[in-house]
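Coordinates in review
Here is what each chain is made of, one letter per residue.
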Amino acid sequence: MALALGVVSGILFPEITPYISWIGDLFMNALSMLIVPVIFFSIVGSISGLRETGAELKRLGARTMAYYVLTMVIAIFTGLFLVNLIEPGSNVQVGDAAVLPDNPAASSPADIIAGFIPKNIFYAFTQNNTLPVILIAFLTGLTLPRISAESKLSLTRFFRGGLELTLQITHIIIRFSPVGIFAIVVRQFGTTADFLALIQTILMYVLTVAAGLAIHTFVWLPLLLRFGCHVKPLQHLKNMSTPLITAFSTASSGATLPFTLHAVEHKDGISAKITNFTIPLGAAINMDGTALLECVAVIFIAQAYGIELTFLQQILVVFTSLLCAIGAAGIPMAALVMMALILNVVGLPLEGIGLVIGVDRILDMMRTAVNVYGDTCVAVLVAKSEGEKLTIDR
């Protein structure tokens, strides 16, 4: 509704743009405000939770994590290839690239690597310098289980409380998102001369993301199952029909979790030990579909603003998408928060989110289904690596 009203208002009444654009600015500022606390608290919680498992689960966890990272990397590079091949944002010019701030990612590889370690931790947090924040979060999560029990308990409560508080603030912002989306869409269409080209560009973006998700779901993941563990990919896909339909209709991995657990254990024949470990872990850290979408969206926004990202900058987008995906699953509006973070890393304007925010709902349904299917495929890969016999064996 907000998208439709924004498009119509921006096309028919462009003169209202100066009077309501500040609402969109407030919404974008709210998203920017969430970047550091959401990423920091969520990554610390995810990594420290993995470190606290027993020896057997650590081995199982390391193998599961490796498969999750593999599937996410495949998804991201699929999106990277398609968005550079199709170039969905090249048919329209939004904003003025000449007046954009200097791109902090347009540095040498040595400068980017050196920038991972900040000279001042507090400066990194206050300036939204996200790469150092991600590194600090990972180091904190890895080190937390090693300190004394009393200190660990206090800090664990602090980080969990910080994440809970941040998520509550996020829910408040979500309530105002229709108004923010309306204002952003009005500004995009009210300041663009050729609105038909803009609509065509957004549709091309949707088709690019959909094509990437389809290739990942129906090509790469089945190939992994077929040649990686010698099972029947089509039978597995059929067995997962209920959780996939639920994920698509609800756009929620959490709501789908009971159906996923049941299908993986009772239809594929995976043991309860592996099912109860890999599937909840995947719901917490694995976001194949979302990581693919973020990569496509950021480069699409750069194309629409007439900014050519170098190979190094695009690899930085891939790397940041992967790191964010590990820590941001389950966060409300995770895709928008992650997108804002990645735009910040490569120095692109946050207003670019307005190009994609209106179609996020339908893409959210699609990427959630891909996220869930990726979890189930990893569960199969882990089960076969542990020598289990499954009902989908060839």
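Bear in mind the structure is a predicted one, so any value in this text is a computation, not a measurement. (Residues numbered from 1 in each chain as written. Predicted model: local features only at pLDDT ≥ 70, side-chain atom pairs only at ≥ 80, totals over all residues. Heavy atoms only, no water.)

**Overview of the overall build of the chain**
A count of helical and extended segments in the chain gives 17 helices and zero strands. Here the chain holds 394 residues, and 53% of them are scored as buried. Considering only contacts within the chain whose residues lie at least 6 apart along the sequence, 84% involve residues at least 24 apart. (Helix = DSSP H or I, 4+ residues; strand = E, 2+ residues; numbered from the N terminus. Buried < 20%, exposed > 50% of the residue type's maximum accessible area, 1.4 Å probe, protein only. Contact = heavy atoms within 4.5 Å.)

**Focus on the state of the cysteines**
The bond known as a disulfide is covalent and runs between the sulfur atoms of two cysteines. This model, assessed by the stated rule, comprises zero disulfides. The structure places no disulfide on C229, whose sulfur is separated from the nearest cysteine sulfur, that of C377, by 8.6 Å. (Disulfide = S-S within 2.5 Å.)

**With respect to the pattern of salt bridges**
Applying the stated criterion across every chain yields a total of five salt bridges. For R63, the salt bridge is made with E386, and the minimal N-O distance between the two is 2.6 Å. Within this pair, whereas R63 is found in helix α3 (residues 55–86), its partner E386 is found in the segment after α17 (360–385), the two being separated by 323 residues in sequence. Residue R63 is classed as partly exposed on the basis of its relative accessible area of 28%. The class of E386 is partly exposed, set by a relative accessible area of 27%. (Salt bridge = Lys/Arg side-chain N within 4 Å of Asp/Glu carboxyl O.)

**Remarks on helix α7 (residues 149–175)**
Between its terminal C-alpha atoms α7 stretches 39 Å, which fits the 39 Å expected from 27 residues at 1.5 Å a residue. Of all the residues in α7, the buried ones are T156, F159, G162, T166, T170 and I173. (Expected span 1.5 Å × (residues − 1).)

**Here's the deal with the packing of aromatic side chains**
Counted according to the given criterion, the structure contains seven aromatic pairs. On the basis of an interplanar angle of 70 degrees and a centroid distance of 6.1 Å, the ring pair of F41 and F158 is categorised as edge-to-face. Here F41 is found in helix α2 (residues 17–51), whereas its partner F158 is found in helix α7, with 117 residues between them in sequence. Between Y205 and F300, the ring centres sit 4.8 Å apart and the planes meet at 25 degrees, which makes this aromatic pair stacked. Here Y205 is found in helix α9 (residues 195–228), whereas its partner F300 is found in helix α14 (residues 288–304), with 95 residues between them in sequence. (Phe/Tyr/Trp six-rings, centres within 6.5 Å; stacked < 30°, edge-to-face > 60°.)

**A word on helix α6 (residues 130–143)**
For α6, spanning 14 residues, the distance from its first C-alpha to its last is 20 Å, which sits close to the expected 20 Å at 1.5 Å a residue. Buried within α6 are the following residues: T130, L131, P132, V133, I134, I136, A137, F138 and G141.

**Here we look at the confidence of the model for the chain**
In this model, the chain carries an average pLDDT of 84, and 89% of its residues clear a pLDDT of 70 or more. The secondary structure element of the chain with the lowest average pLDDT is helix α4 (residues 109–114), at 68, and the one with the highest is helix α10 (residues 233–239), at 96. (pLDDT = per-residue confidence, 0-100.)

**Focus on a nonpolar patch on the surface**
Taken together, the side chains of F218, V219, W220, L223 and F227 present a nonpolar region at the surface, about 500 Å² in accessible area. Judged by its relative accessible area of 37%, L223 falls in the partly exposed class. (Patch = residues over 30% accessible without salt bridge, like charges linked within 9 Å, V, L, I, M, F, W, Y side chains within 5 Å. Areas by Shrake-Rupley, 256 points an atom, 1.4 Å probe, with all protein chains shown as cover.)

**As for the nonpolar core**
Soluble globular proteins: nonpolar side chains tend toward being buried together. Ranked by internal contacts, the top residues of the largest apolar core, which has 84 residues, are Y205, M339 and I353. The dominant element in this core, judged by the number of residues it contributes, is α2, at 14 residues. Apart from residues lying up to four places away in sequence, I353 is in contact with M28, L31, I301, L336, M339, A340 and L343. Counting residues in hydrophobic clusters, the runner-up holds 30 residues, among them C229, M240, A247 and I285. (Core = buried A, V, L, I, M, F, W, Y, C linked by side-chain atoms within 4.5 Å.)

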